[in-house]
Amino acid sequence: MRILIVEDEEKLAETLKRGLEKEGYAVDYLMDGEAGQRRIETNYKDYDLIILDLMLPKRNGFEVCKNVRQADIVTPILILTARDAVEDKVYALDEGADDYLVKPFSFQELLARIRALLRRPEQVLPVELNIKDLNLNSSTRRVTRLNREIPLTLKEFGLLEYLMRHPNQVLTREQILDHLWDFAFDSFSNVVDVHIKNLRKKVDGEYNEKLLETIRGVGYRIKG
Ligand code: CA
(Lines give C-alpha, C1' and ligand atoms only; values in the text may rest on other atoms or scores of the structure.)
Protein backbone atom coordinates (compact mmCIF):
# COMPACT_ATOMS: atom_id res chain seq x y z
CA MET A 1 0.00 0.00 0.00
CA ARG A 2 1.47 3.30 -1.06
CA ILE A 3 0.45 6.73 0.19
CA LEU A 4 1.16 10.23 -1.15
CA ILE A 5 1.22 13.08 1.36
CA VAL A 6 0.92 16.68 0.16
CA GLU A 7 1.79 18.83 3.17
CA ASP A 8 3.92 21.96 3.47
CA GLU A 9 4.83 21.58 7.15
CA GLU A 10 7.94 19.52 6.65
CA LYS A 11 8.15 18.31 10.24
CA LEU A 12 4.61 16.99 10.14
CA ALA A 13 5.15 15.37 6.74
CA GLU A 14 8.34 13.68 7.99
CA THR A 15 6.66 12.44 11.16
CA LEU A 16 3.72 11.04 9.22
CA LYS A 17 6.03 9.38 6.71
CA ARG A 18 8.08 7.69 9.42
CA GLY A 19 5.02 6.61 11.39
CA LEU A 20 3.22 5.21 8.36
CA GLU A 21 6.33 3.39 7.15
CA LYS A 22 6.48 1.63 10.50
CA GLU A 23 2.94 0.43 9.80
CA GLY A 24 4.07 -1.07 6.50
CA TYR A 25 2.99 1.64 4.06
CA ALA A 26 5.29 3.09 1.42
CA VAL A 27 5.10 6.88 1.62
CA ASP A 28 6.13 9.86 -0.53
CA TYR A 29 5.52 13.48 0.30
CA LEU A 30 5.50 16.72 -1.64
CA MET A 31 5.32 20.20 -0.17
CA ASP A 32 3.20 22.32 -2.50
CA GLY A 33 -0.10 21.97 -4.28
CA GLU A 34 1.24 22.30 -7.80
CA ALA A 35 3.82 19.53 -7.39
CA GLY A 36 1.22 17.43 -5.58
CA GLN A 37 -1.31 17.72 -8.38
CA ARG A 38 1.33 16.98 -11.00
CA ARG A 39 2.45 13.84 -9.17
CA ILE A 40 -1.14 12.66 -8.75
CA GLU A 41 -1.92 13.21 -12.43
CA THR A 42 1.14 11.35 -13.65
CA ASN A 43 1.41 8.64 -10.98
CA TYR A 44 -2.07 8.10 -9.52
CA LYS A 45 -1.95 4.41 -10.37
CA ASP A 46 0.95 3.98 -7.95
CA TYR A 47 -0.97 5.34 -4.97
CA ASP A 48 -3.70 3.75 -2.90
CA LEU A 49 -4.42 6.89 -0.91
CA ILE A 50 -3.64 10.62 -0.93
CA ILE A 51 -3.34 12.70 2.24
CA LEU A 52 -3.87 16.30 1.23
CA ASP A 53 -3.41 19.44 3.32
CA LEU A 54 -5.77 22.33 2.50
CA MET A 55 -3.52 25.35 3.06
CA LEU A 56 -0.66 24.78 0.64
CA PRO A 57 1.68 27.05 -1.29
CA LYS A 58 1.17 27.53 -5.04
CA ARG A 59 -2.20 25.73 -5.15
CA ASN A 60 -4.52 25.02 -2.26
CA GLY A 61 -5.91 21.59 -1.41
CA PHE A 62 -9.44 22.45 -2.55
CA GLU A 63 -8.20 23.20 -6.05
CA VAL A 64 -5.96 20.14 -6.18
CA CYS A 65 -8.85 17.95 -5.11
CA LYS A 66 -11.21 19.48 -7.63
CA ASN A 67 -8.74 19.22 -10.53
CA VAL A 68 -7.85 15.63 -9.70
CA ARG A 69 -11.50 14.60 -9.60
CA GLN A 70 -12.17 16.43 -12.87
CA ALA A 71 -9.41 14.31 -14.40
CA ASP A 72 -11.46 11.24 -13.34
CA ILE A 73 -8.89 10.09 -10.81
CA VAL A 74 -10.77 8.27 -8.06
CA THR A 75 -7.95 7.50 -5.59
CA PRO A 76 -9.25 8.10 -2.04
CA ILE A 77 -8.33 11.54 -0.67
CA LEU A 78 -8.06 12.30 3.04
CA ILE A 79 -8.01 16.04 3.73
CA LEU A 80 -5.99 17.59 6.55
CA THR A 81 -7.21 20.93 7.74
CA ALA A 82 -5.92 23.27 10.40
CA ARG A 83 -9.16 25.13 10.45
CA ASP A 84 -12.13 23.75 12.25
CA ALA A 85 -14.56 25.66 10.06
CA VAL A 86 -17.58 23.59 9.08
CA GLU A 87 -17.75 25.17 5.63
CA ASP A 88 -14.16 24.05 4.89
CA LYS A 89 -14.99 20.41 5.48
CA VAL A 90 -18.25 20.60 3.56
CA TYR A 91 -16.49 22.34 0.68
CA ALA A 92 -13.67 19.76 0.66
CA LEU A 93 -16.13 16.87 0.61
CA ASP A 94 -18.07 18.62 -2.17
CA GLU A 95 -14.88 18.83 -4.20
CA GLY A 96 -14.52 15.07 -4.02
CA ALA A 97 -12.53 14.40 -0.84
CA ASP A 98 -13.45 11.17 0.92
CA ASP A 99 -12.75 12.16 4.51
CA TYR A 100 -11.04 14.84 6.58
CA LEU A 101 -9.07 15.24 9.78
CA VAL A 102 -8.69 18.45 11.76
CA LYS A 103 -5.19 19.29 12.99
CA PRO A 104 -3.92 18.50 15.53
CA PHE A 105 -4.96 14.85 15.28
CA SER A 106 -3.68 11.70 16.90
CA PHE A 107 -1.67 9.28 14.82
CA GLN A 108 -4.00 6.47 15.90
CA GLU A 109 -6.96 8.37 14.52
CA LEU A 110 -5.15 8.93 11.23
CA LEU A 111 -4.43 5.20 11.00
CA ALA A 112 -8.07 4.35 11.66
CA ARG A 113 -9.22 6.74 8.89
CA ILE A 114 -6.65 5.32 6.47
CA ARG A 115 -7.76 1.76 7.19
CA ALA A 116 -11.39 2.75 6.68
CA LEU A 117 -10.62 4.39 3.34
CA LEU A 118 -8.50 1.51 2.13
CA ARG A 119 -11.11 -1.05 3.12
CA ARG A 120 -13.21 -0.19 0.11
CA PRO A 121 -10.97 -1.72 -2.54
CA GLU A 122 -10.18 -4.60 -0.17
CA GLN A 123 -13.84 -5.60 -0.19
CA VAL A 124 -13.64 -6.03 -3.93
CA LEU A 125 -10.38 -7.95 -3.82
CA PRO A 126 -10.41 -11.42 -2.27
CA VAL A 127 -8.83 -11.58 1.18
CA GLU A 128 -7.62 -15.13 0.73
CA LEU A 129 -5.28 -15.94 -2.15
CA ASN A 130 -4.37 -19.49 -3.13
CA ILE A 131 -1.81 -20.63 -5.65
CA LYS A 132 -1.42 -24.39 -5.60
CA ASP A 133 -0.42 -25.23 -2.00
CA LEU A 134 0.55 -21.63 -1.18
CA ASN A 135 -2.00 -19.61 0.79
CA LEU A 136 -1.95 -15.93 1.70
CA ASN A 137 -4.49 -14.19 3.88
CA SER A 138 -4.26 -10.42 3.45
CA SER A 139 -6.35 -9.66 6.50
CA THR A 140 -4.47 -11.84 9.02
CA ARG A 141 -1.18 -11.35 7.09
CA ARG A 142 -0.55 -15.06 7.39
CA VAL A 143 1.20 -17.05 4.68
CA THR A 144 1.31 -20.84 4.62
CA ARG A 145 2.53 -23.52 2.28
CA LEU A 146 1.23 -27.05 2.79
CA ASN A 147 -0.32 -25.61 5.97
CA ARG A 148 3.10 -24.72 7.34
CA GLU A 149 3.40 -21.08 8.32
CA ILE A 150 5.99 -18.96 6.47
CA PRO A 151 7.11 -15.91 8.46
CA LEU A 152 7.63 -12.90 6.17
CA THR A 153 8.72 -9.31 6.67
CA LEU A 154 6.23 -6.57 5.75
CA LYS A 155 7.95 -5.92 2.42
CA GLU A 156 8.19 -9.60 1.56
CA PHE A 157 4.52 -9.98 2.37
CA GLY A 158 3.61 -7.01 0.16
CA LEU A 159 5.72 -8.39 -2.65
CA LEU A 160 4.19 -11.87 -2.45
CA GLU A 161 0.68 -10.45 -2.28
CA TYR A 162 1.34 -8.31 -5.37
CA LEU A 163 2.64 -11.33 -7.29
CA MET A 164 -0.22 -13.57 -6.14
CA ARG A 165 -2.82 -11.00 -7.21
CA HIS A 166 -1.36 -11.26 -10.73
CA PRO A 167 -0.76 -14.98 -11.23
CA ASN A 168 1.08 -16.01 -14.42
CA GLN A 169 1.70 -12.37 -15.24
CA VAL A 170 5.27 -11.13 -15.53
CA LEU A 171 5.78 -8.10 -13.30
CA THR A 172 8.73 -5.88 -14.14
CA ARG A 173 11.14 -4.50 -11.55
CA GLU A 174 9.72 -1.03 -12.27
CA GLN A 175 6.16 -2.18 -11.58
CA ILE A 176 7.23 -3.82 -8.34
CA LEU A 177 9.27 -0.77 -7.28
CA ASP A 178 6.38 1.57 -8.08
CA HIS A 179 3.94 -0.56 -6.13
CA LEU A 180 5.98 -1.21 -3.00
CA TRP A 181 8.66 1.41 -2.65
CA ASP A 182 8.67 5.19 -2.56
CA PHE A 183 10.50 7.56 -4.86
CA ALA A 184 13.70 7.44 -2.83
CA PHE A 185 14.57 4.20 -4.63
CA ASP A 186 15.58 4.49 -8.25
CA SER A 187 15.19 1.74 -10.79
CA PHE A 188 18.90 0.97 -10.78
CA SER A 189 18.66 -0.19 -7.20
CA ASN A 190 18.67 -3.95 -6.71
CA VAL A 191 16.27 -3.78 -3.78
CA VAL A 192 13.63 -5.79 -5.68
CA ASP A 193 16.07 -8.57 -6.56
CA VAL A 194 17.24 -8.82 -2.97
CA HIS A 195 13.69 -9.13 -1.66
CA ILE A 196 12.77 -11.66 -4.34
CA LYS A 197 15.79 -13.72 -3.39
CA ASN A 198 14.78 -13.75 0.28
CA LEU A 199 11.16 -14.44 -0.56
CA ARG A 200 12.14 -17.31 -2.82
CA LYS A 201 14.21 -18.87 -0.05
CA LYS A 202 11.20 -18.83 2.24
CA VAL A 203 8.43 -19.72 -0.21
CA ASP A 204 10.21 -22.17 -2.53
CA GLY A 205 13.35 -23.17 -0.66
CA GLU A 206 12.49 -26.57 0.72
CA TYR A 207 9.63 -27.41 -1.65
CA ASN A 208 9.90 -29.49 -4.80
CA GLU A 209 7.64 -27.36 -6.90
CA LYS A 210 9.06 -23.89 -7.46
CA LEU A 211 6.41 -21.19 -7.79
CA LEU A 212 8.49 -18.02 -8.18
CA GLU A 213 9.99 -17.58 -11.62
CA THR A 214 12.58 -15.15 -12.89
CA ILE A 215 12.01 -14.05 -16.46
CA ARG A 216 15.48 -13.02 -17.47
CA GLY A 217 15.76 -9.35 -18.38
CA VAL A 218 12.05 -8.73 -17.77
CA GLY A 219 10.95 -9.44 -14.24
CA TYR A 220 9.21 -11.98 -12.05
CA ARG A 221 6.05 -14.01 -11.95
CA ILE A 222 4.31 -16.58 -9.86
CA LYS A 223 3.01 -19.70 -11.58
CA GLY A 224 -0.71 -20.15 -11.02
CA1 CA B 1 -0.43 23.86 5.31
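Residues numbered from 1 in each chain as written. Predicted model: local features only at pLDDT ≥ 70, side-chain atom pairs only at ≥ 80, totals over all residues. Heavy atoms only, no water.

Our focus in this paragraph is the packing of aromatic side chains. Per the counting criterion, the structure on display carries one aromatic pair. Aromatic side chains Phe62 and Tyr91 sit 4.7 Å apart centroid to centroid with 45 degrees between the ring planes, which places their arrangement in the tilted category. Of the two residues, Phe62 sits in helix α3 (residues 61-70) while Tyr91 sits in helix α4 (residues 86-94), which places them 29 residues apart along the sequence. The buried category is assigned to Phe62, whose relative accessible area is 9%. (Phe/Tyr/Trp six-rings, centres within 6.5 Å; stacked < 30°, edge-to-face > 60°. Helix = DSSP H or I, 4+ residues; strand = E, 2+ residues; numbered from the N terminus. Buried < 20%, exposed > 50% of the residue type's maximum accessible area, 1.4 Å probe, protein only.)

This part is about the environment of Arg141. As for its position among the elements, Arg141 is in the loop between β7 (134-137) and β8 (142-145). The partly exposed category is assigned to Arg141, whose relative accessible area is 45%. A C-alpha to C-alpha distance of 9.6 Å links Arg141 and Glu161, two positions 20 residues apart in sequence.

Cis rather than trans, the peptide bond between Lys103 and Pro104 has omega equal to -5 degrees. The topology assignment puts Pro104 in the loop between β5 (99-102) and α5 (107-124). One non-glycine residue, Lys58, lies in positive phi territory at about 70 degrees. By the element assignment, Lys58 lies in the loop between β3 (49-53) and α3. Exposure remark for Lys58: the relative accessible area of 63% places this residue in the exposed category. You will see that Lys132, though not glycine, has its phi angle at about 50 degrees, which is positive. Tracing the backbone shows Lys132 in the loop between β6 (128-131) and β7. Under the relative-accessibility criterion, Lys132 is labelled partly exposed at 46%.

Spatially, β6-β7-β8-β9 is the arrangement adopted by the four strands of the open sheet, whose pairing is antiparallel. Edge positions in the sheet fall to β6 and β9 (148-149), since each has one partner strand and no second. For β8 and β9, the ladder comprises two bridges, and the chain directions are antiparallel. If you follow Thr144 over to β9, its bridge partner there is Glu149. (Pairing = 2+ DSSP bridges.)

Coordination of the calcium ion by the protein is provided by Asp8 (OD), Asp53 (OD) and Met55 (O), with metal-donor distances spanning 2.1 to 2.3 Å. Each donor residue of the calcium ion lies on the same chain, and together they follow the pattern D-x44-D-x1-M. Taken as a pair, Asp8 in the loop between β1 (2-6) and α1 (10-22) and Met55 in the loop between β3 and α3 lie far apart in primary sequence, 47 residues in all. In this structure Asp8 comes out as partly exposed when scored by relative accessible area, which is 29%. (Donors = N, O, S within 2.8 Å, 3.2 Å for Na, K, Ca; no water.)

So, about the domain arrangement of the chain. Frequently, the measure chosen for interface size is the accessible area that the parts lose on association. What the domain assignment lists for the chain is domain 1 (2-118) and domain 2 (128-222). Each of domain 1 and domain 2 has a C-alpha centre, and these two points are 29 Å apart. Taken together, the contacts link 13 residues of domain 1 with nine residues of domain 2. Carbon and sulfur atoms supply 45% of the area buried between domain 1 and domain 2, which totals about 730 Å² over both sides. (Domains from an automatic or database assignment. Contact = heavy atoms within 4.5 Å. Buried area = accessible area lost by both parts, 1.4 Å probe.)

Another aspect to go through is the environment of Arg148. With respect to the helices and strands, Arg148 occurs in strand β9. Arg148 sits in the partly exposed class, given a relative accessible area of 43%. Expressed as a C-alpha distance, the spacing of Arg148 and Val68, which sit 80 residues apart in the sequence, is 45 Å. If near-sequence neighbours (up to four positions away) are discounted, Arg148 is found in contact with Val143, Glu206 and Tyr207.

What follows is about the packing of helix α6 (residues 154-164) against helix α8 (residues 191-203). Packing of α6 against α8 leaves a shortest axis separation of 10 Å and a crossing angle of 80 degrees. By the angle between their axes, α6 is roughly perpendicular relative to α8. Along the contact surface, α6 presents Lys155, Glu156, Leu159, Leu160 and Leu163, while α8 presents His195, Ile196, Asn198, Leu199, Lys202 and Val203. (Axes fitted to C-alpha atoms, helices over the stretch in contact; angles between N-to-C directions. Parallel < 35°, antiparallel > 145°, perpendicular 65-115°, else oblique.)

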